[in-house]
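# Residue-level structure breakdown
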Amino acid sequence: TPAELIRNFCIIAHIDHGKSTLADRMLQITGVVEQRAMRAQYLDRMDIERERGITIKSQAVRMPWEVGGAGYALNMIDTPGHVDFTYEVSRSLAACEGTLLLVDAAQGIEAQTLANLYLALENDMTIIPVLNKIDLPAAQPEKYAEELANLIGCEPSDCLRVSGKTGQGVEDVLDKIVAEVPAPVGDPNAPARAMIFDSVYDTYRGVVTYVRVVDGQLSPREKIVMMSTRATHELLEIGVSSPEPEPSKGLGVGEVGYLITGVKDVRQSKVGDTVTNAAKPAEVALEGYREAKPMVFSGIFPIDGSDYPILRDALDKLKLNDAALVYEPENSAALGFGYRCGFLGLLHLEIIRERLEREFDLDLIATAPSVIYEVTLDDGKEVEVTNPSEYPVGKIAEVREPMVRTTVLTPSEFVGPVMELCQQRRGTMLAMDYLSEDRVELRYMIPMAEIVFDFFDILKSKTRGYASLDYDVDGEQAADLVKVDILLQGEQVDAFSAIVHRDKAYSYGVMMAGKLRELIPRQQFEVPIQAAIGARIIARETIRAIRKDVLSKCYGGDISRKRKLLEKQKEGKKRMKMVGRVEVPQEAFIAALSSD
Ligand code: GTP
């Protein structure tokens, strides 16, 4: 297809505002997917995505659309919708000239939509505002058209009104894409430069790489080079998705499609990288490539120690499709053998954990999420700490923690509680804007460690579910942090060590010691529980001793009953972990590590 007849666009929308439904409707209206072949939400392939109603992996679909007798090719690029995947969103945006800003007409704009809109504006994209779900009785298209118009500087009448569900107005959207989104421009005679905006592992085909060609031409059977690594691969297949893959004779300027090279691991085909011809390589890569960097770390341990090899194989499998997942073996005195894993953010952690439990049938414990601390020691040495139990004791000149730029969108009646929460979490206010009379955007700089644990849950409960949150990592800041250890009968329990701000160390210690006193059953001897910073004890609880002799109840008579009791006690023991001399039930660890 010549570039003048191509339109590349994506859809920015908050979770649940109806992106997948609208995308499906477009596939249907353009005749790409027949009605009876239509699976609900064609673009979201993974089960978990469908169940949770979120899109994780972006993909592209090509749709034919005719306007004024000319046949256009519309490439729709699906963007992931959640905070953890900002980088993938920005790569998808970079592959398009235009974007639909899709807003639920009963909800109005949300924080994530706003964050993605800013990204689109920075990229100088054409923005087409669309109000969705106008079939809903609760829809207020007039009100939100006003809000949208203020935000992007257009007239309220420029906002399209559609229903992905009934199909109303969807053809107008397609026409407007043709009319307003600029055709791609590039040099067809230059060496090829194509940007990778997604990379997916497929059991049968190996890694499928989605690209947008900027300059030149890519053809089947030629050799290509990944510009960040200089690795060379042969193009075994090249084509477009429509939405099933259709091999083609090549991709030219402005075209969007997929490549298959036979690589087996998405790490060899990284989002943001530039693909060029090996025979005539481009000199300069396309802008904006960034290594996906894990930001949140957690120890993952099988509850049954004999599942460890299954956990290892499962992680190896997931890694094939997830360039951001990292892990290394970890051995905890309390939890046994497991893996220290790094994630892009909390949602990423939850998704991986859920996939491990569901697809590989594992029962797991995850330790409290931790961020990366940069520590400068007294002798000038620098270390990175991702595991609180490895935090250096004493000898610390400075500790820096990662900061996030946080956007909260809330109905104005909740401004007070939201500000209070952000302040409790050591936040500094950057700005506060009224989007309309009753909706406020608050921007804060907050230490990432204060966000990763339970911030979102608390925010939701303080605003009766109405606030939305987005954050992006933004540098590091020095802070007065200490490690709090938890000791059982003088033995440190590594899984409970935490790095916290000095002002919060005491309350953390008291809280943990109290929790454990409730959770650990009484033993044959007294067990002190202590919280400590270095050698200094900051909190103490005691579990009093009992004499537990199960046989004493049996009056020495019935042997089989005695045996049964002994068996039972043995069963119970299996799920116990020994910390020093103290028996701790597995459940105590799980309960203590849960956030409530
Ligand atoms: P992700 O892409 O997974 O982030 O979510 P989404 O934005 O794609 O939302 P999805 O298309 O899954 O729609 C969310 C919910 O809204 C579903 O229950 C849809 O049935 C419903 N929905 C979507 N579009 C419309 C619409 O036009 N009208 C009505 N009434 N409901 C809609």
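Residues numbered from 1 in each chain as written. Predicted model: local features only at pLDDT ≥ 70, side-chain atom pairs only at ≥ 80, totals over all residues. Heavy atoms only, no water.

Identification of the chain as Elongation factor 4 from Saxibacter everestensis is taken from an unreviewed UniProt entry. Check the Sequence similarities (unreviewed entry) section of the UniProt entry for the chain; it says "Belongs to the TRAFAC class translation factor GTPase superfamily. Classic translation factor GTPase family. LepA subfamily." (UniProt positions renumbered as here; feature names shortened; annotations may be inferred.)

Working note: a packed helix pair is described by the angle between its axes plus the distance between those axes. Helix H6 (residues 170-180) packs onto helix H1 (residues 19-29) with a crossing angle of 80 degrees between their chain directions and a minimal axis gap of 10 Å. Relative to H6, the element H1 is oriented roughly perpendicular. Together, Leu22, Arg25, Met26 and Ile29 of H1 and Val170, Glu171, Val173 and Leu174 of H6 make up the contact between the two elements. Residues that form the contact of H1 with H6 fall into these classes: six nonpolar, no polar and two charged. (Axes fitted to C-alpha atoms, helices over the stretch in contact; angles between N-to-C directions. Helix = DSSP H or I, 4+ residues; strand = E, 2+ residues; numbered from the N terminus. Parallel < 35°, antiparallel > 145°, perpendicular 65-115°, else oblique. Contact = heavy atoms within 4.5 Å. Nonpolar A, V, L, I, M, F, W, Y, C, P; charged D, E, K, R; others polar.)

Moving on to the environment of Cys154. When you line up the elements, Cys154 lands in the loop between helix H5 (141-152) and strand E6 (160-161). With relative accessibility at 23%, the residue Cys154 sits in the partly exposed group. Along the sequence, Cys154 and Asp273 sit 119 residues apart, while their C-alpha atoms lie 35 Å from each other. When residues no more than four places from it in sequence are discounted, the contact partners of Cys154 are Pro129 and Ala149. (Buried < 20%, exposed > 50% of the residue type's maximum accessible area, 1.4 Å probe, protein only.)

Backbone geometry places Asp124, a non-glycine residue, at a positive phi of 60 degrees. Here Asp124 shows up in the loop between helix H4 (111-122) and strand E5 (126-132). Take Asp124: its relative accessible area is 68%, and that puts it in the exposed class. Positive phi, normally seen in glycine, also occurs at Arg230, with a value near 65 degrees. Relative to the helices and strands, Arg230 resides in the loop between strand E9 (223-226) and strand E10 (232-234).

This brings us to the packing of helix H7 (residues 308-319) against helix H8 (residues 346-359). Viewed as axis vectors pointing N to C, H7 and H8 meet at an angle of 120 degrees, and their least axial separation amounts to 11 Å. Here H7 is positioned oblique relative to H8, judged by the angle of their axes. The crossing of H7 and H8 is right-handed. Residues Leu311, Ala314, Leu315 and Leu318 of H7 form the contact with H8, whose own contacting residues are Ile352, Arg355, Leu356 and Glu359. (Left-handed = near helix turned anticlockwise from the far one by under 90°.)

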